[in-house]
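Tertiary structure, described
This is what each chain is made of:
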Amino acid sequence: MAENNGTYLIRGASILGAGAEDLLISDGVIAARGAAAATHPDADRATVIEAAGLVALPGMVDVHTHLREPGREDAETVETGTRAAALGGFTAVHAMANSNPVADTAGVVEQVHSLGRAAGWVDVRPVGAVTVGLAGEQLAELGAMADSRAQVRMFSDDGICVHDPVLMRRALEYVKAFDGVVAQHAQEPRLTAGAQMNEGAVSAVLGLTGWPAVAEESIIARDVLLAQHVDSRLHVCHVSTAGSVEIIRWAKERGINVTAEVTPHHLLLTDDLVRSYNPVYKVNPPLRTDADVQALRAGLADGTIDVVGTDHAPHPSEHKECEWAQAAMGMTGLETALSVVQHTMIETGLMTWADFARVTSTAAAQIGRMTDQGRPLDAGEPANVILVDPAARWTVDPAKMATMGRNSPFAGLELPGKVVATFYKGHPTVLDGQLNTPYREPSAAGAS
């Protein structure tokens, strides 16, 4: 597939896993779909992509990505992280605020936004901090970040819980003015002091301080009630327990405006892996039990959990290749998310590819208020499109990934599904499963 003037005829792709149709991409939009694609005036100048056997989906949108820049470029940069995102099938990511300096001002979020535009691999939407310096003491410049060029709509102290209920209430009230959302890292700190893994049978055997499920569930219960009280939007980050799923289900049944995410690793892995003492399995929230995994899958399938968020958290090797107690928490996820969700949700019969599009793209774009992402694959819509080979099998090798982080918990696993092409604003950032070239704004085309 050679790059051309921006016009591509995708022939015979299975749209959302249904019938095979043609798609014509031209000038950044889907110009035509179905029989109209071949007869469209732009079809004669199109590069043809034979897509029989491939599934066409809207570009994935990650509500939870750590790009580390500014300040932690030893772990990841916006450039390397967004390359990984494009290879993973993403056309947009939300960059979490725990950089250095923290993204708690208009200046820092605009810097991250500008770095994303300069990289050109995906749309980078910064997430603003809820509190100054993530310290949990005073609200950050929420309004200024919302009004900035970055147009921030999601705010989170992720990695640290906003545990003060008064401060959380004020944040929920504040973001209503610009239709924002507070994304909470649900972890009562007094219940998790010194915690190393999930509290349960395995932690008792290993003698590691346990991280009880109630530490997550109690914060979610409090916050859904606060969201109801002030009539504001709440998003719950990386739900990990069966009890959390039940609380969110309860809240939704009562019309509370809450959304939630689950990570790929919490859909597949359990705390039994910690028996190896391999720090790659150390993560926040911790890996839970098989019963939790099954509840999370069921919650994602029935819509209680709205989206999959990777919580992509790259670390330098020295922060992971050490003793368990000293190791950093976090796992990479951008380049494996699609495959893990296919494995856990589609191959198990819990979801279809249309459901996959909802939980990895459409709902995520709506939560982040990204109007040009997660759109239907119809004529006139923005051409943020991916082509996936669902029959492909591959073995995860962190050394071959685009991310700087090598801390993938899926290393050595054989997984299904590979991204063959990623179109971001109509431009192929990935072709034949390989990075192609970044997107450049039309005004910058040809600039040296």
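Residues numbered from 1 in each chain as written. Predicted model: local features only at pLDDT ≥ 70, side-chain atom pairs only at ≥ 80, totals over all residues. Heavy atoms only, no water.

A few words now on the overall build of the protein. Secondary structure assignment for the protein yields 12 helices and 19 strands. Here the C-alpha atoms of the protein give a radius of gyration of 21 Å, agreeing with the 22 Å that 2.2 N^0.38 yields for 448 residues. With the C-alpha coordinates of the protein rotated into their principal frame, the extents come out at 65 × 45 × 45 Å. Burial statistics for the protein: of 448 residues in total, 60% are counted as buried. Of the contacts made within the protein by residues no fewer than 6 positions apart, 74% connect residues no fewer than 24 positions apart. Carbon together with sulfur atoms contributes 50% to the accessible area of the protein, which is approximately 16,200 Å² in total. Computed over 33 positive and 54 negative side-chain charges, the separation of the two mean positions in the protein equals 2 Å. (Helix = DSSP H or I, 4+ residues; strand = E, 2+ residues; numbered from the N terminus. Rg over C-alpha atoms; globule rule 2.2 N^0.38 Å. Buried < 20%, exposed > 50% of the residue type's maximum accessible area, 1.4 Å probe, protein only. Contact = heavy atoms within 4.5 Å. Areas by Shrake-Rupley, 256 points an atom, 1.4 Å probe, with all protein chains shown as cover. Lys, Arg positive; Asp, Glu negative; His and termini not counted. Charge placed at Lys NZ, Arg CZ, Asp CG, Glu CD.)

Our next topic: the confidence of the model for the protein. Keep in mind that low pLDDT regions are not for reading the predicted coordinates in detail. Overall, the predicted model of the protein reaches an average pLDDT of 96, with 98% of residues at or above 70. For residues 444-448, every residue scores under 50 in pLDDT, and the model assigns this stretch 0 contacts once sequence neighbours within four places are set aside. (pLDDT = per-residue confidence, 0-100.)

Per the stated rule, a full pass over the model turns up 2 cavities of 30 Å³ or more. Put simply, the largest cavity is a space of about 60 Å³. By volume, the second largest cavity is sized at about 40 Å³. Of the residues contributing to the lining of the second largest cavity, the split by class is 7 nonpolar, 2 polar and 1 charged. (1 Å grid on protein atoms, 1.4 Å probe; cavity = no way out; pocket = protein on both sides within 12 Å on 5 of 7 lines; lining within 4 Å. Points joined across faces, edges and corners; volume = space filled by probe spheres on them. Nonpolar A, V, L, I, M, F, W, Y, C, P; charged D, E, K, R; others polar.)

Most of the time, phi is negative for any residue but glycine, and the peptide bond is trans. Between Asn100 and Pro101 the backbone carries a cis peptide bond, its omega angle lying at 10 degrees. Examined against the element boundaries, Pro101 turns out to sit in the loop between strand E7 (90-95) and helix H3 (106-119). Between Asn284 and Pro285 the backbone carries a cis peptide bond, its omega angle lying at -5 degrees. The phi torsion at Gln151 lies on the positive side, around 50 degrees, for a residue other than glycine. Phi at Asp231 is positive, roughly 55 degrees, even though this residue is not glycine. Locating Asp231 in the fold gives a position in the loop between helix H7 (213-230) and strand E13 (234-236).

Let us look at the pairing of strand E16 (residues 385-395). For strand E5 (residues 55-58) and E16, the ladder comprises 4 bridges, and the chain directions are antiparallel. If you follow Pro58 over to E16, its bridge partner there is Val385. Here 8 bridges tie E16 to strand E17 (residues 414-424), and the two strands are oriented antiparallel to one another. Among the inter-strand pairings, Ile386 is bridged to a residue of E17, identified as Thr422. (Pairing = 2+ DSSP bridges.)

If you trace the 5 strands from one edge of the open sheet to the other, you get E9-E10-E13-E14-E15, paired in parallel fashion. Since the sheet does not close on itself, it has two edges, and those belong to strand E9 (154-155) and strand E15 (307-308), each with one partner. Note: strand E10 (residues 181-184) against E13, 3 bridges, orientation parallel. Of the residues in E13, the one forming a bridge with Gln184 is Val236. Taken strand by strand, H7 contacts E10, E13 and strand E14 (258-262), and its axis lies near 165 degrees from that of E13. (Axes fitted to C-alpha atoms, helices over the stretch in contact; angles between N-to-C directions.)

Quick look at the layout of surface pockets now. Considered as a void within the structure, the largest pocket measures approximately 410 Å³ in volume. Considering the residues around the largest pocket, the lining is formed by 20 residues, among which Arg68, Asn98, Gly159, His315 and Met329 are closest to the centre. Size it by volume and the second largest pocket reaches roughly 340 Å³. Lining the second largest pocket are 15 residues, with Leu87, Glu335, Trp394, Lys400 and Lys418 sitting closest to its centre. If you list the elements that add at least two residues to the lining of the second largest pocket, you get helix H11 (337-346), E16 and E17. With 3 residues, the top contributor of residues to the lining of the second largest pocket is E17.

Here we take up the packing of aromatic side chains. What the rule picks out here adds up to 5 aromatic pairs. Consider the rings of Phe155 and Phe178, whose centres lie 5.8 Å apart with planes at 55 degrees: the pair is tilted. Residue Phe155 is located in strand E9, and its partner Phe178 is located in the loop between helix H5 (165-175) and E10; the two are separated by 23 residues in the primary sequence. With respect to class, Phe155 is no different from Phe178; both count as buried. With a centroid separation of 5.1 Å and 65 degrees between ring planes, the pair formed by Trp353 and Phe356 is classed as edge-to-face. Of this pair, Trp353 and Phe356 both sit in helix H12 (residues 353-367), 3 residues apart, which is roughly one turn of that helix. (Phe/Tyr/Trp six-rings, centres within 6.5 Å; stacked < 30°, edge-to-face > 60°.)

So, on to the sheet that holds E7. Spatial strand order, E6-E7-E8: 3 strands in an open sheet with parallel pairing. Sheet topology places strand E6 (60-65) and strand E8 (123-126) at the edges, where each strand pairs with a single neighbour. Strand-to-strand twist in this sheet, taken as the mean axis angle between neighbours without regard to direction, amounts to 20 degrees. Pairing of E7 with E8 involves 4 bridges; the strand directions are parallel. Bridging across to E8, Ala92 finds its partner in Asp123. Lying over the sheet, H3 contacts E7 and E8, oriented at roughly 175 degrees with respect to E8. Together, E6 and E7 form the strand contacts of H12, whose direction differs from that of E6 by roughly 65 degrees.

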